[in-house]
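Residue-level listing of the chains:
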Amino acid sequence: MTQDLVIVGAGVTGLTAAIEAAEHGRRVTVVEAHSRPGGRARSLPEPFRANLGPHAVYVDGPWWAWLASRGLTPPVVAAPSGGSLVRTEGRLRPWPAELGRAAAALSAEAPVDEPFRGWLLRHVDASTAEAIVGLTFIFTFDHDPGRLSAAFVHQRLRRALAGGARYVTGGWSTLVDLLAERATDLGVRIDTGTRVSAVPAGPAILATSLATARQLTGDRELTWPGARVVTIDLGLEADGGPDWFRVLDLDDRIYAARYSLADPSLAPPGQELVQIAAACAPAERKADAEHRVERLLDQSWPGWRERVRWHRSALRTDCTGALDLPGTTWHDRPAVGRGDTLAVATDQSAAPGLLAEVAIAAAHRALERLGVVSRDQLAGRS
Ligand SMILES: Cc1cc2nc3c(=O)[nH]c(=O)nc-3n(C[C@H](O)[C@H](O)[C@H](O)COP(=O)(O)OP(=O)(O)OC[C@H]3O[C@@H](n4cnc5c(N)ncnc54)[C@H](O)[C@@H]3O)c2cc1C
């Protein structure tokens with residue numbers, strides 16, 4: 001053991017960084033405000049094991065490779081084949097294969113400086129362009145992904161089309177438990193129920209949201225665009241129901257999935273778990289977004305209201321990762337290194353990747369900046 005390292009936040013980022021640092025002989029303490037580790041990646045306990053944040057883990061990405069090299073990959077399931085609907089121009093229809101084909105046929109590179117919609121319109125007709133913009137809500141969570149940098153959205157679209165998205169069996173807490181257990185085995189101390197109110201002295205990584213890092217440091221440069229989204233979780237009686245697994249509202253930017261059809265452990269016998277994300281424009285009220293979701297369910301699932309046994313909803317701001325506006329890339333986001341002894345590793349930091357992968361990549365950069373690992377070591381070990 002050569003040097004102490006304090007990590008604020010026991011989300012997946014803080015835990016990943018702690019494991020890597022401990023593997024390199026550092027004595028690590030992770031300080032976590034909540035009573036349990038996991039942060040946004042926690043799932044609720046039974047009966048409905050709803051994920052608080054992420055659903056998709058990308059098995060074609062660098063974090064998965066990092067997990068695999070340590071035997072830390074959780075069991076996963078794919079979305080059931082078929083059973084996907086879209087709502088477009090007010091009508092429900094089966095997932096249009098031609099939409100995927102049109103998106104896949106786009107040229108390999110998209111410009112950083114141009115909005116995604118404008119660039120699309122130079123390649124496809126207006127209604128296909130609008131449908132592709134709607135599709136990209138799934139992994140941007142933005143109310144209008146057409147306004148974002150074409151390069152940013154297009155890179156994510158290519159990742160999504162590659163088909164690497166899987167769901168963690170038992171919810172993301174399964175993965176969090178694996179990480180926390182490995183960290184503890186390596187001697188990492190995880191202090192839960194302890195809220196940090198100032199930046200720790202000495203080598204430290206803030207593995208929180210960017211907003212929390214801004215509050216803790218008082219550094220107003222720690223800011224970047226993010227999305228506003230309403231999440232709705234429903235526990236329903238599983239008596240019949242429609243024949244879709246998921247429905248994506250391309251007009252209204254809503255994504256609803258019956259996750260317990262893919263993983264029955266998420267709901268008690270005879271019930272099912274549905275989780276929904278709805279874009280919320282800057283001026284839109286939460287209740288109005290909820291009404292849009294209800295309209296979609298009325299159309300796609302007659303009788304759903306009578307089956308509801310449990311529900312919860314929340315408005316989430318800046319919780320779903322970074323959004324790059326035209327003219328910006330991940331390189332322009334707030335830098336990870338903040339002096340010799342402090343690093344900030346968030347999913348809105350200057351690091352590449354998709355959603356949570358950004359924060360993990362930022363954590364690896366943080367370890368490099370603090371001299372815990374070298375660039376060669378990182379490159380050699382996924
Ligand atoms: C609705 C939704 C859907 C999403 N979908 C996906 C998806 O499908 N795939 C994907 O990859 N990503 C997805 N994401 C993004 C993903 O959840 C995050 O990128 C990821 O969980 C970030 O993890 P983290 O460890 O960096 O931060 P967090 O999970 O926010 O962890 C930070 C931790 O720091 C703790 N903390 C904060 N302040 C303090 C303090 N002062 N003292 C001590 N501890 C503190 C918090 O309690 C928390 O545990 C989604 C997010 C949301 C909200």
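Computed from a prediction, not measured in an experiment: that's the story for all the values here.

Cut-offs and rules
Residues numbered from 1 in each chain as written. Predicted model: local features only at pLDDT ≥ 70, side-chain atom pairs only at ≥ 80, totals over all residues. Heavy atoms only, no water. Near = heavy atom within 4 Å. Polar contact = N/O pair within 3.5 Å; in protein donor to acceptor, adjacent residues only side chain to side chain. Helix = DSSP H or I, 4+ residues; strand = E, 2+ residues; numbered from the N terminus. Nonpolar A, V, L, I, M, F, W, Y, C, P; charged D, E, K, R; others polar. Domains from an automatic or database assignment. Pairing = 2+ DSSP bridges. Axes fitted to C-alpha atoms, helices over the stretch in contact; angles between N-to-C directions. Contact = heavy atoms within 4.5 Å. Salt bridge = Lys/Arg side-chain N within 4 Å of Asp/Glu carboxyl O. Buried < 20%, exposed > 50% of the residue type's maximum accessible area, 1.4 Å probe, protein only.

(A) Fine view of the site of the ligand. Taken together, 30 residues are adjacent to the ligand, and Thr13, Glu32, Arg40, Val196 and Asp347 come closest. Within the contact set of the ligand, a nitrogen atom lies 3.0 Å away from a backbone nitrogen or oxygen of Ala33. Between Ala56 and the ligand, the recorded distance is 2.8 Å, taken from a backbone N or O atom to a nitrogen atom. Sorting the residues of the shell around the ligand by element identifies helix H1 (12-23) and helix H13 (356-369) as the ones contributing at least two each. Among the residues forming the shell around the ligand, the class breakdown is 13 nonpolar, 12 polar and 5 charged. Two domains each donate at least three residues to the shell around the ligand, and these are domain 1 (5-42 + 172-224 + 328-381) and domain 2 (76-168 + 228-317).

(B) How the structure looks around the sheet that holds strand S6 (residues 91-94). Taken in spatial order, the 7 strands of this open sheet run S6-S5-S11-S12-S13-S10-S14, and their pairing is mixed. Each having just a single partner strand, S6 and strand S14 (308-317) make up the two edges of the open sheet. If you compare each strand with its neighbour and ignore which way they point, the axes differ by 15° on average. Pairing of strand S5 (residues 84-88) with strand S11 (residues 246-249), which is carried by 4 bridges, proceeds in the parallel orientation. Bridge assignment links Ser84 to a residue of S11, and that residue is Arg246. Contacting S5, S6, strand S10 (228-237), S11, strand S12 (254-257), strand S13 (271-279) and S14, helix H11 (residues 286-300) runs over the sheet at an angle of about 45° to S10.

(C) Representation of the domain arrangement of the chain within the structure. Domain boundaries in the chain define domain 1 (5-42 + 172-224 + 328-381) and domain 2 (76-168 + 228-317). Centre-to-centre, using C-alpha coordinates, domain 1 lies 29 Å away from domain 2. Counting residues at the interface gives 12 residues for domain 1 and 9 residues for domain 2. Note that Glu357 is salt-bridged to Arg159, the shortest N-O span being 2.8 Å. On the surface where domain 1 and domain 2 come into contact, there are 2 residue pairs in polar contact (both at pLDDT 80 or more). Of all the secondary-structure elements, those providing two or more residues to the side of domain 1 that touches domain 2 are helix H8 (173-185) and H13.

(D) Spotlight on unusual backbone geometry. A cis geometry characterises the amide bond from Glu46 onward to Pro47, with omega recorded as 15°. With respect to the helices, strands and loops of the structure, Pro47 is situated in the loop between strand S2 (27-31) and strand S3 (56-58). Phi angles above zero are rare outside glycine, and Glu89 is one such case at about 50°. Turning to its location among the elements, Glu89 is positioned in the loop between S5 and S6. We classify Glu89 as exposed; its relative accessible area is 60%. Positive phi, normally seen in glycine, also occurs at Phe141, with a value near 65°.

(E) Representation of the sheet that holds strand S1 (residues 4-8) within the structure. Pairing in this open sheet of 5 strands is parallel, and the strands run S8-S2-S1-S9-S15 from one edge to the other. Of all strands in the sheet, those bounded by a partner on one side alone are strand S8 (189-191) and strand S15 (342-344). Here the average twist between neighbouring strands, direction ignored, is 15°. Bridge count for S2 against S8 is 3 bridges, and the pairing is parallel. Within S8, the residue paired with Val31 across the bridge is Asp191.

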